[in-house]
Structure formats: structure tokens, C-alpha cells
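Secondary and tertiary structure notes
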Amino acid sequence: MATTLSVAELITWLDRAVLSNFPAPVWIKGESSGYRRTNRGAVFFRLVDPETADQSVEVSARGRVIAEVERDLAEAGVGSLRSGIEIRLRATVGLRRATSVVQLSLLEVDPTFTAGRLALDRDHTLQKLKAEGLLDRNRMLDLPLVPLRIGLVTSRGSAAYADFLSHLARPGYRFSVSTVEAMMQGEGSAQQVDRSLERLAREPVDLVALVRGGGSKLDLSTFDAEAVGRRIAAMPVPVITGIGHETDRSIADEVSAVSLKTPTAVAEWIVARVAEYAGRIEIARRAISDQARDAVSAMERRLDRSATQLAESKSLLIRQEDLLAGLATGVAEGARRALEQQVTLVESYKQLVATVGIEPTLRRGFALVSRLDGSTVRAAAVLSPGEQVRVRLADGSVSMTVDQNA
Amino acid sequence: MSDIDLSYKEALDELREIHARLRGDDVDIDRLLEDVGRASELLAFCRERLTSVGERLEEVLTDFE
């Protein structure tokens, strides 16, 4: 009859088999899944073979080990231990007797392996976005001339949030900031960032700032998430990132219209853009007022010239008045002179007529006596003795002296 | 005067015509009174025109300065 083993005996055999096969710790790689942390600080997750997906092994780690692992990962810039990352770890292989499950006891992880896998993932995502023409989509949007309505995605209460707002508030422009909060790292942060961006896409904002506080080595995985990259590419307004890292550029940086180092730099960029526009307005305002002033003074000069010319027209009038006065005098003089000429003419005719009338009388023996002043003597009584008179006869005149009254 | 329906220039030309006629040697006495009367009318017309133009000009120039 075959030997019958008790459960305990079986497990002892299994335990021995495992131990004999894995006398020393081994290096093993896989993708983390079902990450959970107990109240006492211990961590459990499953390591899945990415090729087959249906084969996995359980990993556990005590609090002290986890603290070291977390520190190593953070220094490599890959963030904390979590589900969904490829890791290479060193562990002892053992059997948990209570459930006869093989269990790995975590000793350390290889942070460069995870960093490399993440970088590969990132490159892969970038290539995908590029192939779909999403890489430049946000950059192609026109940057707002006067970005005063700012959509802000960050974690409220963070230093980034405070820095951003204080630099924006400083110069006294009237910014309105719509903040939609999102966790900036850790499990589920990429989904939160994605949803926050989506919300701001429906808000009337000029641009969206995606900012996170600084630090030496920070988890970029949130900003390397494909969903975040796709969301930024689909945003109707430019996205400006300031996610506080010095070395690597995340997917979010690659896809956004402008990527800067820090939240402060983003705020300063926005302020500078508004200030530049304000400066251009001021230059335009001066140019307009200068041109207007020039136009007015040119017009004034023209008017002055016109006024001078008009004033000269006064002298024209005066010349006309002189002309009229001359004509008036001329007409009056001409008329008088013409009349006088006629009077003289008539007078001479009268004398002629008078002279012609006396001739026959004289020939009949009469004489015409006249005084020396030429007046005709018509009565003897008017003459005095001794007065000289002229006596005109038919053939000539003689001078006579009055002897006495007859 | 109101029966004069001439421009200033026409009135002035007529005035000059009368003036020339009166300065000539062969003045028509029958027309003399008529000429002088017409000259008087034309003169008054021209002077009135000058006066009103002068007044208007003064107004316009005042607005200018």
C-alpha cells in the first residue's frame, strides 16, 4: 500500500523542495499587479509575467524593506511602487505553509530596470501619438494674445498652487483662475488629471496651466500616461506645463503648447505675455495720438495759410473801392467838363448870332456906342462928360470922348 | 438800384464804358443826364456789393482767427 502523507508532511516536502531549488535569493522580473499595503506597513502584490499574463507569483515585503525600495525608485525618478509597472526584484523564494502558496519575500528592486521600461513605454506612447498627428496638435493652436482667463490643474493647497497664484497676482492684471483639482502623483492621478483637463476644456478659458511643485526626483508617470497626452492634444486651448522636473521631458511636456520647468515660470510666462500686449497697446496708443496731433497741426498750418490768403482778399476789396471812387470822380468830372464845353460852345454861338444881327443896321448909318467895358450904351443920360466911349460904324470903330450932354 | 440785375463785374464794365464815353470829345448831351444817372446807380450798386462782401468777409475771418 502506498504511503499516505499528512498535509503537514506534504507541505514539509514542498517546503524542502522549494528551499533546495532556491537556496539563495533570485532576481525575477514581471509586472506588478494588485498592489496593497496593510495597516502595519507591509506590502503585498502579484508579479505577473507580461508575456503570458495568466501566470503570477505573490510578493510580500515588510515595512522596512518597502521604505528602502520606495526611496530607490523615487531617486530613479520612477515614483513609488504601485500596480502596472514592470519591475526587476530580488527575493527569497519560500512556501507559505498555511496555504501552501509559493511566496517571494522582497529584498530589493532594480530601479534602473523600471526606469528603462518606463522610458520605453514613454517612447512607445510618443511614437503612437506622433503617428496619429497628436504631438503637435496643441502647439498648433494660436497662443492667446491676452491670456487673462486661466484654467489651472494642480493639487490645491500645494506649494505649486500657492507659487502660481502669487506670481500671477503680483503685477496687478485682472486674471481669473478656474482651478480644477487633481492629484499629481500616485495611484489614479493620471485619471484625475485627465478628468480635470476634460472639465476645463468646457470652461471659457484662454489657456490651461498644468502645474506641480518641484523636488529633486519626482514621479513623472502621471504625465507620461497616454490618456493625459491624448487629452492635452485634444484640448481646445493651449496647455502650458510646469511640472517641476529638471531632466526628463514627460509626454505631457512633449504634447503641450509650451512646457516650462516650474509653476512660477508658467505664471511669469502668462504675466509676460499680457504685459507684452499691454506694451504693444501703449505703443499703438502713442502712435495714434502722435499721428492725430501731427494731423491737427498740419491742418492748423493749412488753415493759417488760408486765413492769410483770405485776409489778403480784404485788400482786393479796398482796391475795388478805390477803383469805384476813381470812376465816380471821373464820371462826375467828365460830365461837368462835357457840359461846360457845350455851354461855352452855345455862348460863342450866341455872340456870333448877336454880332451878325447888328451889321445891316450899321450899314444904314447907325452907330453902336459902347463903354470901354464893352457894355452897350442905350441912353445918353448914363454917360458923363469926358468919358471915353467906343463907337462902332459899318466899316470900323472909333474912340470918342463925351463933350457934354446935348 | 434794385432794377440792376448784373454781376459786379458787369456793372463795373458798364461804368467804365460810361466813363470812357464822358471823357471823349464827342459827348452826347442828350444822353449825358441819362449816363450820369446810370453811372450813379451802377456806383451805388457796386459800393453796396463791396460793402456786403466786406462785412461777410470780416465775419468769416473772425471765425478763422
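This text gives an overview of the structure that appears in the document. Not measured: the values here are computed from a predicted model. (Residues numbered from 1 in each chain as written. Chains lettered and ligands numbered in written order. Predicted model: local features only at pLDDT ≥ 70, side-chain atom pairs only at ≥ 80, totals over all residues. Heavy atoms only, no water.)

Observations concerning the interface of chain B and chain A
- Listed by partner, the interface residues are 24 residues for chain B and 23 residues for chain A.
- For the pair chain B and chain A, the summed buried area comes to about 2100 Å², and 78% of that belongs to carbon and sulfur atoms.
- Applying the counting rule to chain B against chain A returns 0 salt bridges.
- Viewed at the interface, chain A and chain B are joined by 2 residue pairs in polar contact (both at pLDDT 80 or more).
- Broken down by secondary-structure element, the contributors of at least two residues to the side of chain B that touches chain A are α1 (8-23) and α2 (29-64) of chain B. (Contact = heavy atoms within 4.5 Å. Buried area = accessible area lost by both parts, 1.4 Å probe. Salt bridge = Lys/Arg side-chain N within 4 Å of Asp/Glu carboxyl O. Polar contact = N/O pair within 3.5 Å; in protein donor to acceptor, adjacent residues only side chain to side chain. Helix = DSSP H or I, 4+ residues; strand = E, 2+ residues; numbered from the N terminus.)

Regarding the nonpolar core
- Val153(A), Val208(A), Leu210(A) and Ile232(A) are the most contacted members of the largest nonpolar core, which totals 27 residues.
- Of all the elements in the fold, those that place two or more residues in this core are α3 (111-131), α6 (189-201), β8 (207-211), α8 (226-234) and α9 (251-255) of chain A.
- Top element by residues in this core is α6(A). It accounts for 4 residues.
- Core analysis: the second largest hydrophobic core is formed by 23 residues, Val331(A), Ala11(B), Ile18(B) and Cys46(B) among them. (Core = buried A, V, L, I, M, F, W, Y, C linked by side-chain atoms within 4.5 Å. Buried < 20%, exposed > 50% of the residue type's maximum accessible area, 1.4 Å probe, protein only.)

With respect to a nonpolar patch on the surface
- On the surface, Leu5(A), Leu10(A), Trp13(A) and Leu14(A) cluster together to form a nonpolar patch covering roughly 390 Å² of accessible area.
- Mapped onto the elements of the fold, Trp13(A) is located in helix α1 (residues 7-21). (Patch = residues over 30% accessible without salt bridge, like charges linked within 9 Å, V, L, I, M, F, W, Y side chains within 5 Å. Areas by Shrake-Rupley, 256 points an atom, 1.4 Å probe, with all protein chains shown as cover.)

Some thoughts on a negative patch on the surface
- A surface patch of like charges, here negative, comprises Asp25(B), Asp26(B), Asp28(B) and Asp30(B).
- Position of Asp26(B) relative to the elements: it lies in the loop between α1 and α2. (Lys, Arg positive; Asp, Glu negative; His and termini not counted. Charge placed at Lys NZ, Arg CZ, Asp CG, Glu CD.)

Considering the pairing of strand β3 (residues 56-61) of chain A
All names here are of chain A.
- For β3, the buried fraction is high: 5 of the 6 residues fall into the buried class.
- Two elements, β3 and strand β5 (residues 101-109), share 3 bridges in a ladder whose sense is parallel. Directly across from Ser 60, in β5, lies its bridge partner Ser 105. (Pairing = 2+ DSSP bridges.)

Quick look at the pattern of salt bridges
- One pass over the full model with this rule turns up 26 salt bridges over all chains.
- Between Arg37(A) and Glu70(A) there is a salt bridge, with the nearest N and O atoms lying 3.4 Å from each other. With Arg37(A) in strand β1 (residues 26-37) and Glu70(A) in helix α2 (residues 63-75), this pair connects stretches of sequence that are 33 residues apart.
- Using a relative accessible area of 15% as the deciding quantity, one classes Glu70(A) as buried.
- For Arg21(B), the salt bridge identified is with Asp35(B), shortest N-O distance 3.0 Å. Pair noted here: Arg21(B) is in helix α1 and Asp35(B) is in helix α2, with a separation of 14 residues, a long-range link.
- Overall, Arg21(B) belongs to the partly exposed group, its relative accessible area being 31%.

Observations regarding the sheet that holds strand β7 (residues 176-181) of chain A
Residue and element names in this part refer to chain A.
- Strand order in this open sheet of 5 strands is β7-β6-β8-β9-β10, and the pairing throughout is parallel. With one partner strand each, in any of the chains shown, β7 and β10 (258-260) form the two edges of the open sheet. The average angle at which neighbouring strand axes cross in this sheet is 20°, direction not considered.
- Bridge analysis of strand β6 (residues 149-154) against β7 gives 6 bridges, and the strand direction is parallel. The partner of Val 153 across the bridge, within β7, is Val 180. (Axes fitted to C-alpha atoms, helices over the stretch in contact; angles between N-to-C directions.)

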